[in-house]
Amino acid sequence: MSALPASTIQSSRDSRTTVNEFRSNLLVIGMVGPIGAGVTTTAQALKTRLSNPEIAPDFKFDVQVIKASDCIREWAGDIGDDNMGSVERRMRFQALGNKMRSKDPAALAARLFLRIHEPIETAPRRAYILDSLKNPIEINFLRTIFGSSFFVVGVMCASERIVERLSAKFGEEERKRKGGKIVSRASIEELCERDVKPQDPKAKHSQRMADALELSDYFIDNSVEHQPRNSLGLIAGAELDRFCSIIRNEDIRRPTESESAMHAAYSAKHRSSCLSRQVGAALINSDGDIVATGTNEAPCSTGGVYREGRNCCVKNKFGRCFERGEGQCQSEKMRGEIINEAIAGLELPEGSSVDAIKTVLNDSGIKALTEFGRAVHAEMDAVLCAARLGVKTGGTRMYVTTFPCHTCARHIVAAGVWEVQYIEPYSKSKALELHSDAIVCGLDRPADRKQVLFRPFSGVAPRFYERAFALQAGIKDESGYYKIQEPEWGEKWNSLLNVDLPTLRDEIGRSLRGCQEEESRES
């Protein structure tokens, strides 16, 4: 037997107890969501739930909210925003955040991390809420540091409701500001567009809220203007309460129909080998049963789409895009050919830059054309799967990981699908613009309308599904009665160890030595 580290202090703790004693009791929650969705309001409501002893006396946190805008202001110094208009000031912060991340894409997250180490009141449990994250690199940076002690809460809101809220808010701000101006809808929509996606798609350091939102562990739909209050008068009612209940492990919580359906859609998307993006969809019937799933993939002549191990029916041929020819995305190839044909048909003045013209055309609507891809879209794969199985699609609900494109939207309407829930926004989609007569976007369908409802998904995100619902402790006592037991390896959120590895090694060695000596005395 190898020698264990010597210790002057004897211990009979087992190794599991030793590890659990070094848990940090630190919870970090990153907030993500579009401007106008109510991210800050939700952060404050979450703070109240975690810090209020009336809600969970045995699970109270000391909570601090850290504003990303404060970190940007600290980095930039005096930004001279006192006399700026409402839209101009927010765009200024967006630009500064992008500049801040230009040399180090995780720079803003790093500054937030450094503030987490600032002292707060001593308490058994500490929580920091980060308001808010706008780039997926920031989320990955913090997840790498804090592991399962880090959660991301995504706040969703219908786009039309966001514009309405910002119009009212900015209008009030401008009325109070000396020299205030009327804020146009166009300027608000431009601000929202900058918030959701980068101005330069190739700039990884830019604000990429839509990409960050997809990495959330829990989604809250904040489209309703006046949220119901719970028994303690707290807003954002049931959705935040459920999130807190799950991380507290205070009751048996199981997936809702929507959470199970979106998890199926999320699983289906990983079947895709599309070179552009992976998308998954699931159809459920009125009883909540999953009747079909789909993914974006090239069609197979035997029915359905290609899957791993399912080759083309033509011998020695392969149908997926990465397997064909040079492995180029056909959509990109066709759009490039259209641009080249357009330029070839122009009578350009001498000295004209063809590359500059290509850049302009690539930044135009041509880049958003979707009809040249070989893949059957996930939504259509799910509908066609149902058709092959003889399942009626009328009255079904669809769950899709990305907002449907306008091509899919019209087929969804025609198939009789009654509701669509989605996670990731899709800026290329013109679904609402082209089919406003048949589609309504929001939290609920107006009572006097029969339109198809498109709404943001809310609840446990697919990436958090297993961790949220897998049993991590017993749920009955020795007599078989229902009772939530303490997890043997600590709470599901409390994974971060507040110790360096050499110290932990010495402490575990001390525990093993103590147990060995205790065994020797007993024998």
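Scroll up for the structure.
Draft legend 1. View of the overall build of the protein. When helices and strands are counted, the protein shows 18 helices and 12 strands. Here the protein holds 523 residues, and 45% of them are scored as buried. Within the protein, contacts between residues at least 6 apart in sequence are counted, and of these 70% link residues at least 24 apart. Of the accessible surface of the protein, which amounts to about 26,900 Å², a share of 50% is contributed by carbon and sulfur atoms.

Draft legend 2. Seen up close, the packing of aromatic side chains. This structure, assessed with the given rule, holds 8 aromatic pairs. For the ring pair Phe151 and Phe464, a centre distance of 5.4 Å and an interplane angle of 80° mean the geometry is edge-to-face. With Phe151 in strand S4 (residues 150–156) and Phe464 in the loop between strand S12 (459–460) and helix H17 (465–469), the pair connects residues that are 313 residues apart, well separated along the chain. Both residues of the pair, Phe151 and Phe464, count as buried. An angle of 85° between the planes, with centres 4.8 Å apart, marks the rings of Phe403 and Tyr422 as edge-to-face. Of the two residues, Phe403 is situated in the loop between strand S8 (397–402) and helix H15 (406–414) and Tyr422 in strand S9 (residues 419–424); the sequence distance between them amounts to 19 residues. Among the residues examined, Phe403 registers a relative accessible area of 9% and is labelled buried. Pairwise contacts between aromatic rings join Phe151, Tyr218, Phe243 and Phe464 into one cluster.

Draft legend 3. Quick peek at the pairing of strand S1 (residues 26–32). The element S1 is extensively covered by neighbouring structure, given that 7 of its 7 residues are classed as buried. Of the two faces of S1, the one lined by Leu26, Val28, Gly30 and Val32 and the one lined by Leu27, Ile29 and Met31 are each fully buried. As judged from the 5 bridges shared by S1 and S4, these two strands associate in the parallel manner. Bridging across to S4, Ile29 finds its partner in Phe151.

Draft legend 4. Geometry of the side chain of Glu424. Locating Glu424 in the fold gives a position in strand S9. Within polar-contact distance, the side chain of Glu424 engages the side chain of Arg277 at 3.4 Å. Apart from residues lying up to four places away in sequence, Glu424 is in contact with Ala210, Asp211, Glu214, Arg277, Thr401, Thr402 and Phe403.

Draft legend 5. Seen up close, the sheet that holds strand S11 (residues 452–456). A sheet is described by the order of its strands in space; here 6 strands give the open sequence S7-S6-S8-S9-S11-S10, paired in mixed fashion. Looking at strand neighbours, the two that pair on one side only are strand S7 (290–295) and strand S10 (439–441), the edges of this open sheet. Pairs of neighbouring strands in the sheet enclose a mean axial angle of 20°, with direction left out of account. Relative to S11, S10 runs parallel, the two sharing 3 bridges. The residue of S11 that forms the bridge with Cys441 is Phe454.

Draft legend 6. The nonpolar core, seen in detail. Counting 42 residues, the largest nonpolar core has Val32, Ile116, Leu130, Ile139, Leu142, Phe146 and Phe150 as the members making the most contacts within it. With 6 residues, the top contributor of residues to this core is helix H5 (residues 107–116). The contacts of Leu142, once residues within four sequence positions are left out, are Ala109, Phe113, Leu130, Leu133, Gly147 and Phe150. Counting 41 residues, the second largest nonpolar core, distinct from the first, contains Met91, Cys157, Phe170 and Ile247.

Reading the values: the criteria
Residues numbered from 1 in each chain as written. Predicted model: local features only at pLDDT ≥ 70, side-chain atom pairs only at ≥ 80, totals over all residues. Heavy atoms only, no water. Helix = DSSP H or I, 4+ residues; strand = E, 2+ residues; numbered from the N terminus. Buried < 20%, exposed > 50% of the residue type's maximum accessible area, 1.4 Å probe, protein only. Contact = heavy atoms within 4.5 Å. Areas by Shrake-Rupley, 256 points an atom, 1.4 Å probe, with all protein chains shown as cover. Phe/Tyr/Trp six-rings, centres within 6.5 Å; stacked < 30°, edge-to-face > 60°. Pairing = 2+ DSSP bridges. Polar contact = N/O pair within 3.5 Å; in protein donor to acceptor, adjacent residues only side chain to side chain. Axes fitted to C-alpha atoms, helices over the stretch in contact; angles between N-to-C directions. Core = buried A, V, L, I, M, F, W, Y, C linked by side-chain atoms within 4.5 Å.

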